Amino acid sequence: MPETIDEIDARLLQALGEDPRSTAVALAERLGLSRNTVQARLVRLEQRGVLRSFERRIDPARLGYPLRAFVNAQVDQRRLAEIGAALAAIPEVTEVCGLTGASDLMVQVVAVDADDLYRVAGRILASPGVERTNISLVMRELVPYRLTPLLRREHSAQPED
């Protein structure tokens, strides 16, 4: 069973989500906690893997990669480590998830334009162990990546039904 977080951790994560540049001192003042408590909890959350990289906040479009797509791949599952290493070597690959169902992997990629996406998709298909791919272009992001609603629901004073 995964470790859970308490109400103080949830409040700390919410505050950090709202202002990721906050210092431990600013977070302590905002939450009415001591700086040492905040610092210790942040270290513990990071060590437990709860607090992960803030790279998700970087907009690839602002870096010159306005196209985003999902490449579903069927692969030779006996070669997953090799495939993972090959995909990690492609800078435009931003995330790879193993799936159940018709596809084995979902590879999120970014690209400069359609020609660049074609090149990136070709590199993925040329990776050892990748047998077939299918590309879906992201047209619009309707709900951005978020966790705040979960933190609010799990640690609110009045539980929702």
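Residues numbered from 1 in each chain as written. Predicted model: local features only at pLDDT ≥ 70, side-chain atom pairs only at ≥ 80, totals over all residues. Heavy atoms only, no water.

- Going by the annotation in an unreviewed UniProt entry, the name recorded for the chain is Lrp/AsnC family transcriptional regulator, with Amycolatopsis balhimycina DSM 5908 given as the source organism.

## Describing the overall build of the chain
Thinking step 1. Looking only at helices and strands, the chain has six helices and four strands in total.
Thinking step 2. Ordered by position in the sequence, the α and β elements of the chain form the string α-α-α-β-α-β-β-α-β-α.
Thinking step 3. Considered along the principal axes of its C-alpha atoms, the chain spans approximately 55 × 35 × 35 Å.
Thinking step 4. Taking all 161 residues of the chain together, 29% fall into the buried category.
Thinking step 5. In the chain, the proportion of contacts linking residues at least 24 apart, taken out of those at least 6 apart, comes to 67%.
Thinking step 6. Carbon together with sulfur atoms contributes 51% to the accessible area of the chain, which is approximately 11,100 Å² in total.
Thinking step 7. Positive and negative side-chain charges in the chain, numbering 21 and 23 respectively, have mean positions lying 2 Å apart. (Helix = DSSP H or I, 4+ residues; strand = E, 2+ residues; numbered from the N terminus. Buried < 20%, exposed > 50% of the residue type's maximum accessible area, 1.4 Å probe, protein only. Contact = heavy atoms within 4.5 Å. Areas by Shrake-Rupley, 256 points an atom, 1.4 Å probe, with all protein chains shown as cover. Lys, Arg positive; Asp, Glu negative; His and termini not counted. Charge placed at Lys NZ, Arg CZ, Asp CG, Glu CD.)

## Concerning the domain arrangement of the chain
Thinking step 1. Looking at the chain, the domain boundaries give domain 1 (7-51) and domain 2 (60-138).
Thinking step 2. Between the C-alpha centres of domain 1 and domain 2 the distance comes to 34 Å. (Domains from an automatic or database assignment.)

## Quick look at the nonpolar core
Soluble, globular proteins show a tendency: their nonpolar side chains are buried together.
Thinking step 1. Core analysis: the biggest nonpolar cluster contains 16 residues, and L87, L105, V107, V109 and I124 have the highest contact counts within it.
Thinking step 2. Elements represented by at least two residues in this core include exactly β1 (67-75), α4 (80-88), β3 (105-111) and α5 (114-126).
Thinking step 3. When sequence neighbours within four positions are dropped, the list of residues in contact with V109 reads L67, R68, A69, V71, E92, V93, T94, L117, V120 and I124.
Thinking step 4. The next biggest cluster of nonpolar side chains, apart from the first, holds 15 residues, and it includes L12, A24, L31 and L51. (Core = buried A, V, L, I, M, F, W, Y, C linked by side-chain atoms within 4.5 Å.)

## Examining the pattern of salt bridges
Thinking step 1. Summed over all chains, the structure comprises nine salt bridges.
Thinking step 2. For R41, the salt bridge goes to D9, with nearest N and O atoms at 2.7 Å. Linking R41 in helix α3 (residues 35-47) with D9 in helix α1 (residues 7-18), this pair joins segments that are 32 residues apart in sequence. Across the pair, exposure class does not vary: R41 and D9 are buried alike.
Thinking step 3. The partner of R68 in a salt bridge is E141, with the nearest N and O atoms 3.3 Å apart. Linking R68 in strand β1 with E141 in the loop between β4 (130-137) and α6 (148-154), this pair joins segments that are 73 residues apart in sequence.
Thinking step 4. Accessibility expressed as a relative area gives 45% for E141, which makes it partly exposed. (Salt bridge = Lys/Arg side-chain N within 4 Å of Asp/Glu carboxyl O.)

## Description of a nonpolar patch on the surface
Thinking step 1. Nonpolar side chains collect at one region of the surface, where I58, L63, Y65 and V112 lie side by side and expose about 360 Å² of accessible area between them.
Thinking step 2. Positionally, L63 belongs in the loop between α3 and β1.
Thinking step 3. Assessed through its relative accessible area of 59%, L63 is described here as exposed. (Patch = residues over 30% accessible without salt bridge, like charges linked within 9 Å, V, L, I, M, F, W, Y side chains within 5 Å.)

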